[in-house]
Amino acid sequence: MAVTVFLSSLASTFRQTGNVLGIAVLGAVLAHPSRPRGVNWSCLTNDLCEASVSEAEGGDMGVGLELHSERPVRKRSSRDTLLRSSYKHDEALSRVLSTLYRQHPGKLGWVDPYGDTLFNEQEAEVVRQEVAVLMQGCADDQQKAALLDLDELLEACAATPGSYLWCVGD
């Protein structure tokens with residue numbers, strides 16, 4: 001909610017001062033791919049931009065998980081290499097990962113809720129450490145369950161030579 005207040009205030013200041021450059025920069029920030037995730041951005045007019053946090057219950061964005069025996073290829077059916085999958089906590093996983101940004105020092109910040117992200121067996125072991133840290137600070141039961149699910153598949157990936165964990169975004 002602090003993001004909404006800040007952006008509304010900033011847009012209002014730009015509008016009042018006629019700062020066209022400020023409005024343009026704000027528009028560029030909102031359009032940038034590394035903007036905070038888990039936030040539904042919309043510009044209502046040229047001079048007023050507002051952000052609204054996605055509903056915790058009714059969000060439509062999710063990150064599914066698929067463990068593959070080798071790097072999945074889009075051109076042929078990825079089902080040929082599928083070992084296990086989980087989509088039961090996709091929205092909760094997306095919400096907990098949205099707290100991270102690409103500037104985050106680890107690899108989890110690069111999981112794209114709108115695209116696909118792959119972790120190989122070596123990366124999976126590193127990412128498991130990040131999940132453990134996230135789990136310590138997580139108070140939401142659904143998000144904890146999502147992180148446990150992720151950790152389980154990362155553990156299987158790390159233990160399976162040549163495997164990949166595919167984080168499937170919407």
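Residues numbered from 1 in each chain as written. Predicted model: local features only at pLDDT ≥ 70, side-chain atom pairs only at ≥ 80, totals over all residues. Heavy atoms only, no water.

### Quick notes on the pairing of strand 6 (residues 164-169)
Inference 1: Of all six residues in strand 6, six are buried; the element is thus mostly enclosed.
Inference 2: Of the two faces of strand 6, the one lined by Y164, W166 and V168 and the one lined by L165, C167 and G169 are each fully buried. (Buried < 20%, exposed > 50% of the residue type's maximum accessible area, 1.4 Å probe, protein only. Helix = DSSP H or I, 4+ residues; strand = E, 2+ residues; numbered from the N terminus.)

### Remarks on the sheet that holds strand 4 (residues 82-86)
Inference 1: Taking strand neighbours across the sheet as the criterion, the four strands line up as 4-3-6-5 in an open arrangement whose pairing is antiparallel. The strands lining the two open edges of the sheet, one partner per strand, are strand 4 and strand 5 (116-120). Direction aside, neighbouring strands of the sheet carry axes that sit 20 degrees apart on average.
Inference 2: Relative to strand 6, strand 5 runs antiparallel, the two sharing five bridges. Pairing of D116 across the sheet is with V168, part of strand 6. (Pairing = 2+ DSSP bridges. Axes fitted to C-alpha atoms, helices over the stretch in contact; angles between N-to-C directions.)

### Quick notes on the pattern of salt bridges
Inference 1: A complete count under the given rule lists four salt bridges for this structure.
Inference 2: E66 is the salt-bridge partner of R79, the closest N and O atoms lying 3.2 Å from each other. Of this pair, R79 sits in the loop between strand 3 (63-68) and strand 4 while E66 sits in strand 3, and the two are 13 residues apart along the sequence.
Inference 3: Residue classification places E66 among the buried residues on the basis of a relative accessible area of 2%.
Inference 4: For E152, the salt bridge is made with R84, and the minimal N-O distance between the two is 3.2 Å. Here E152 is found in helix 5 (residues 141-159), whereas its partner R84 is found in strand 4, with 68 residues between them in sequence.
Inference 5: In this structure E152 comes out as partly exposed when scored by relative accessible area, which is 43%. (Salt bridge = Lys/Arg side-chain N within 4 Å of Asp/Glu carboxyl O.)

### Considerations on the packing of helix 4 (residues 121-136) against helix 5
Inference 1: Running from amino to carboxyl end, helix 4 crosses helix 5 at an angle of 155 degrees, the nearest separation of the two axes being 8 Å. With respect to each other, helix 4 and helix 5 are oriented roughly antiparallel. Handedness of the helix 4/helix 5 crossing: left-handed. Where helix 4 abuts helix 5, its residues E121, A124, E125, V127, R128, V131, L134 and M135 lie against K144, L147, L148, L150, D151, L154, E155, C157 and A158.
Inference 2: Residues belonging to the contact of helix 4 with helix 5 are distributed by class as follows: eleven nonpolar, no polar and six charged. (Parallel < 35°, antiparallel > 145°, perpendicular 65-115°, else oblique. Left-handed = near helix turned anticlockwise from the far one by under 90°. Contact = heavy atoms within 4.5 Å. Nonpolar A, V, L, I, M, F, W, Y, C, P; charged D, E, K, R; others polar.)

### A word on empty space enclosed by the protein
Inference 1: Following the criterion strictly, the structure yields one cavity of 30 Å³ or more and no others.
Inference 2: Elements with a contribution of two residues or more to the lining of the largest cavity: strand 3, helix 3 (90-97) and helix 5.
Inference 3: A per-class count over the lining of the largest cavity returns five nonpolar, two polar and three charged. (1 Å grid on protein atoms, 1.4 Å probe; cavity = no way out; pocket = protein on both sides within 12 Å on 5 of 7 lines; lining within 4 Å. Points joined across faces, edges and corners; volume = space filled by probe spheres on them.)

### Comments concerning helix 5
Inference 1: Relative to the 27 Å expected for 19 residues at 1.5 Å per residue, helix 5 spans 27 Å between its end C-alpha atoms, a close match to the ideal helical length.
Inference 2: If you follow the buried residues of helix 5, they end up packed against strand 3, strand 4, helix 3, strand 5, helix 4 and strand 6.
Inference 3: Sitting at the head of helix 5, D140 places a side-chain oxygen 2.9 Å from the backbone nitrogen of Q142. (Expected span 1.5 Å × (residues − 1). Polar contact = N/O pair within 3.5 Å; in protein donor to acceptor, adjacent residues only side chain to side chain.)

### Remarks on the environment of K88
Inference 1: In this fold, K88 is placed in the loop between strand 4 and helix 3.
Inference 2: Along the sequence, K88 and D149 sit 61 residues apart, while their C-alpha atoms lie 9.0 Å from each other.

### Some details on the nonpolar core
Inference 1: Ranked by internal contacts, the top residues of the largest apolar core, which has 25 residues, are L93, L97, L108, L147, L150, L154 and L165.
Inference 2: Among the secondary structure elements, those contributing two or more residues to this core are strand 3, helix 3, helix 4, helix 5 and strand 6.
Inference 3: Among the elements that make up this core, the one with the highest residue count is helix 5 (seven residues).
Inference 4: In this structure L108 touches L97, L100, V127, E130, V131, L134 and L150, once residues within four positions along its chain are discounted. (Core = buried A, V, L, I, M, F, W, Y, C linked by side-chain atoms within 4.5 Å.)

Just distances and angles here, no functional claims.
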